[in-house]
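This is what each chain is made of:
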Amino acid sequence: QVQLVESGGGLVQAGGSLRLSCAASGSTFSINAMGWYRQAPGKQRELVASISSGGSTIYADAVRGRFTVSRDNAKNTVYLQMNSLKPEDTAVYYCKASLPTGSYVRPRYDYWGQGTQVTVSS
């Protein structure tokens with residue numbers, strides 16, 4: 001069981017920066033990958049960035065070079081530093097943690113945060 005609490009969303013002007021935080025609690029020792037997704041109105045939820053337990057990262061093309069995902073295992077927290085924000089970055093941002101289940105049928109289970117609103121004004 002993992003609980004994810006997100007913070008750091010808000011309203012920012014284009015070109016500004018925000019840092020999102022996601023603090024995990026519960027069975028955090030079982031977490032392997034953590035990531036950030038976002039969903040804009042009328043659009044599907046999409047991957048923004050992910051980071052493995054070993055620190056390997058993946059970024060969506062739309063944010064590569066502007067966003068940085070990092071992880072503090074001691075604090076059980078993942079961060080998303082968002083720079084050079086654009087209006088098209090406006091979305092609800094969700095934190096996700098993936099845990100192994102021990103089953104080869106469904107090898108992972110995903111936990112999701114409640115989402116935090118990021119609004120970028122022009």
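Residues numbered from 1 in each chain as written. Predicted model: local features only at pLDDT ≥ 70, side-chain atom pairs only at ≥ 80, totals over all residues. Heavy atoms only, no water.

Explain the packing of aromatic side chains to me, please; I cannot follow it from the model alone.
The relation between two aromatic rings is expressed through the spacing of the ring centres and the mutual angle of the planes. According to the stated counting rule, one finds three aromatic pairs in the structure shown. With a centroid separation of 5.1 Å and 65 degrees between ring planes, the pair formed by Tyr37 and Trp112 is classed as edge-to-face. You can see Tyr37 sitting in strand β4 (residues 34-39) and its partner Trp112 sitting in strand β10 (residues 108-112), a full 75 residues away along the chain. Taking the relative accessible area as the measure of exposure, Tyr37 reaches 17% and is therefore buried. The class for Trp112 is partly exposed, based on a relative accessible area of 34%. Measuring from centroid to centroid gives 6.5 Å for Tyr94 and Trp112, while their planes differ by 85 degrees, and the two rings are edge-to-face. (Phe/Tyr/Trp six-rings, centres within 6.5 Å; stacked < 30°, edge-to-face > 60°. Helix = DSSP H or I, 4+ residues; strand = E, 2+ residues; numbered from the N terminus. Buried < 20%, exposed > 50% of the residue type's maximum accessible area, 1.4 Å probe, protein only.)

Would you explain the sheet that holds strand β1 (residues 2-7) in this entry?
In a beta sheet, neighbouring strands pair by backbone hydrogen bonds and run either parallel or antiparallel. What the four strands build is an open sheet, ordered β1-β3-β8-β7; its pairing is antiparallel. This sheet does not close on itself; its edge strands, each paired only once, are β1 and β7 (67-72). Taking the axes of each pair of neighbouring strands and ignoring which way they run, one obtains an average angle of 15 degrees across the sheet. Alignment of strand β3 (residues 18-26) against strand β8 (residues 77-82), held across six bridges, turns out to be antiparallel. If you follow Ser21 over to β8, its bridge partner there is Tyr79. (Pairing = 2+ DSSP bridges. Axes fitted to C-alpha atoms, helices over the stretch in contact; angles between N-to-C directions.)

Looking at this structure, I do not really get the state of the cysteines. What am I missing?
Linking two cysteines covalently via their sulfur atoms produces the bond known as a disulfide. Tallying each qualifying case throughout the model produces one disulfide. Put simply, Cys22 and Cys95 are joined by a disulfide, and their sulfur atoms are 2.2 Å apart. With the S-S bond torsion at -85 degrees, the cross-link from Cys22 to Cys95 turns out left-handed. Here the residue Cys22 occupies a position in strand β3, and Cys95 occupies one in strand β9 (residues 91-100), the gap between them amounting to 73 residues. (Disulfide = S-S within 2.5 Å.)

Help me understand the side chain of Ser50, please; the structure alone is not making it clear to me.
Its location among the elements puts Ser50 in strand β5 (residues 46-51). On the accessibility criterion, Ser50 (16% relative accessible area) is buried. Those residues in contact with Ser50, other than ones at most four positions away along the chain, are Met34, Gly35, Ser56, Thr57, Ile58 and Val69. (Contact = heavy atoms within 4.5 Å.)

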